[in-house]
Amino acid sequence: FQEIGRGGRDGGEAKARCVVIREDAVAQRSLSHSGGVERVQVERFLDVVERATGEVVGDIPEEYRKNIVLGELDIAVPVMEAVVGCDVREETVETMVSLMEEQEFGRLLRLEGSMVDRVTVTMKKRSLEELDEPVAKCIVKCGVKVGGSSADARLEELGGTAMDKGFYSYAKGNWKFGVVRVANCMGQGCQPRHVYAALRRLENMGELEVTVDTSARGKGFLVNLNKSGVDCFRE
């Protein structure tokens with residue numbers, strides 16, 4: 001599978017042939033079917049997926065929310081939360097997600113792959129609340145403000161040079177958020193790549209600085225829930 005993923009990366013036509021060895025397939029499935037994974041661990045994993053689904057549905061504007069009943073929904077399953085909460089390996093989490101793609105388990109979703117979902121933005125010119133941008137409004141709604149600053153108050157009280165003001169311009173607030181949640185909040189058809197594009201544009205304008213969490217904690221499995229999956233995990 002690892003080699004198949006390399007096909008077509010140069011933009012040209014590519015063909016891949018996968019030869020499945022029964023023994024290997026059984027070994028991969030056994031990660032979730034063996035005695036090493038208890039029922040309670042699977043239930044905890046399903047709780048993680050349900051929580052991620054509920055957060056995304058809650059973020060979606062009311063005018064778009066009714067369309068969920070008819071369509072699909074992208075969510076990011078937080079890898080570290082699943083690993084720690086279920087006490088399993090990352091490979092086991094991926095296997096459990098993959099099993100839900102199969103007819104035997106209801107074919108609830110499609111696993112798109114892994115991605116970096118956690119991002120922090122540091123405001124440089126003004127606060128995020130003051131920024132009249134769709135992505136900013138959605139980050140305020142979906143994200144968490146961390147730290148905070150009384151830089152302006154300190155400058156007002158003690159005075160400061162232009163260099164001081166330039167330094168403290170980085171202290172207009174920090175926000176942490178999930179990219180997939182923000183994408184859903186921005187409206188129907190918005191993808192994580194659109195969020196990253198908007199952040200890059202604002203970064204180039206000098207409005208903010210983007211820090212991507214490439215650690216295990218920032219990783220998520222991008223999952224597309226079909227109607228059956230949405231119905232299942234919205235309950």
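Residues numbered from 1 in each chain as written. Predicted model: local features only at pLDDT ≥ 70, side-chain atom pairs only at ≥ 80, totals over all residues. Heavy atoms only, no water.

A.B. asks: How should I be thinking about the sheet that holds strand β1 (residues 73-78) in this particular structure?
C.D. replies: Think of a sheet as strands paired side by side through backbone hydrogen bonds, with each pair either parallel or antiparallel. Taken together, three strands build an open sheet; the order of strands is β1-β7-β2 and the sheet is antiparallel. Two strands in the sheet have a free side with no partner beyond their single neighbour: β1 and β2 (109-116). The average undirected angle you get between the axes of adjacent strands in this sheet is 25°. Packed onto the sheet, helix α4 (residues 79-86) meets β1 and β7 (219-225) and runs at close to 55° relative to β1. Seen against the sheet, helix α5 (residues 90-99) touches β2 and β7 and runs at an angle of roughly 5° to β7. (Pairing = 2+ DSSP bridges. Helix = DSSP H or I, 4+ residues; strand = E, 2+ residues; numbered from the N terminus. Axes fitted to C-alpha atoms, helices over the stretch in contact; angles between N-to-C directions. Contact = heavy atoms within 4.5 Å.)

A.B. asks: Any chance you could explain the pairing of strand β3 (residues 118-123) here in plain terms?
C.D. replies: Successive residues of a regular strand alternate their side chains across the two faces of the sheet. Where burial is concerned, most of β3 is hidden: five out of the six residues are buried. As judged from the five bridges shared by β3 and strand β6 (residues 208-212), these two strands associate in the antiparallel manner. Its bridge partner lying in β6, Met123 is registered against Leu208. (Buried < 20%, exposed > 50% of the residue type's maximum accessible area, 1.4 Å probe, protein only.)

A.B. asks: Hey, could you run me through unusual backbone geometry in this one?
C.D. replies: Only a minority of non-glycine residues have a phi that is not negative, and only a minority of peptide bonds are not trans. Phi at Asp87 takes a positive value of approximately 55°, unusual for a residue other than glycine. Turning to its location among the elements, Asp87 is positioned in the loop between α4 and α5.

A.B. asks: Help me out: how do you make sense of helix α6 (residues 134-142) in this one?
C.D. replies: In an α-helix, one turn spans 3.6 residues; hence positions three or four apart end up facing the same way. Listed as buried for α6 are Val135, Ala136, Cys138, Ile139 and Cys142. For α6, the angular spread of the buried residues around the axis is 165°, confining them to a single face. Contacts made by the buried residues of α6 are with α2 (39-59), β4 (144-146), β5 (174-178), α9 (179-185) and α10 (192-204). (Arc of directions from axis to C-beta.)

A.B. asks: Can you walk me through the pattern of salt bridges in this structure?
C.D. replies: Oppositely charged side chains can pair when the atoms bearing their charge come close. Under the criterion given, the structure shown has 11 salt bridges. Here Arg39 ties to Glu43 by a salt bridge, and the two come within 3.0 Å at their closest N and O atoms. Here Glu43 and Arg39 lie together in helix α2, a separation of four residues that amounts to about one turn. With a relative accessible area of 68%, Arg39 lands in the exposed category. Residue Lys137 pairs with Asp132 through a salt bridge whose shortest N-O separation is 2.6 Å. Each of Glu55, Asp59 and Arg181 takes part in one network of salt bridges that share partners. (Salt bridge = Lys/Arg side-chain N within 4 Å of Asp/Glu carboxyl O.)

A.B. asks: Even after reading the chapter, I still don't get the state of the cysteines, so can you show me in this structure?
C.D. replies: Here is the idea: a disulfide is a covalent bond, and it sits between the sulfur atoms of two cysteines. For the structure shown, the criterion picks out zero disulfides. There is no disulfide at Cys138, and the cysteine sulfur nearest it, in Cys185, is 3.1 Å away. With a relative accessible area of 8%, Cys138 lands in the buried category. (Disulfide = S-S within 2.5 Å.)

A.B. asks: Would you take a moment to explain the sheet that holds β6 for this structure?
C.D. replies: Strand order in the open sheet made by the four strands is β4-β5-β3-β6, with antiparallel pairing throughout. With one partner strand each, in any of the chains shown, β4 and β6 form the two edges of the open sheet. Shown here is a sheet whose adjacent strand axes are inclined to one another by a mean of 25°, direction ignored. As judged from the five bridges shared by β3 and β5, these two strands associate in the antiparallel manner. Looking at β5, one finds that Thr122 is bridged to Asn174. Across the sheet, α10 touches β3, β5 and β6, and the angle it forms with β6 is around 135°.

A.B. asks: What's the story with the confidence of the model for the protein chain in this structure? I'm lost.
C.D. replies: Detail in the predicted coordinates should be disregarded across regions flagged by low pLDDT. Looking at the protein chain, the pLDDT average stands at 81 and 77% of residues meet or exceed 70. Confidence drops under pLDDT 50 across residues 149-169; counting only partners more than four residues distant or on other chains, this segment forms 14 contacts. (pLDDT = per-residue confidence, 0-100.)

A.B. asks: Looking at this structure, I do not really get the packing of α2 against α4. What am I missing?
C.D. replies: Between two packed helices, both the angle of their axes relative to each other and the distance between the axes serve to describe the pair. For the pair α2 and α4, interaxial distance at closest approach is 9 Å and the crossing angle is 150°. Viewed along their axes, α2 and α4 adopt a mutual orientation that is roughly antiparallel. α4 is crossed by α2, and the crossing has right-handed handedness. Mapping the contact onto sequence places Gln41, Arg44, Phe45, Val48 and Arg51 in α2 and Glu81, Ala82, Gly85 and Cys86 in α4. (Parallel < 35°, antiparallel > 145°, perpendicular 65-115°, else oblique. Left-handed = near helix turned anticlockwise from the far one by under 90°.)

A.B. asks: Please clarify how the environment of Lys172 should be interpreted in this entry.
C.D. replies: Within the fold, Lys172 resides in the loop between α8 (162-168) and β5. C-alpha of Lys172 to C-alpha of Met123: the two residues are 49 residues apart in sequence and 5.0 Å apart in space.

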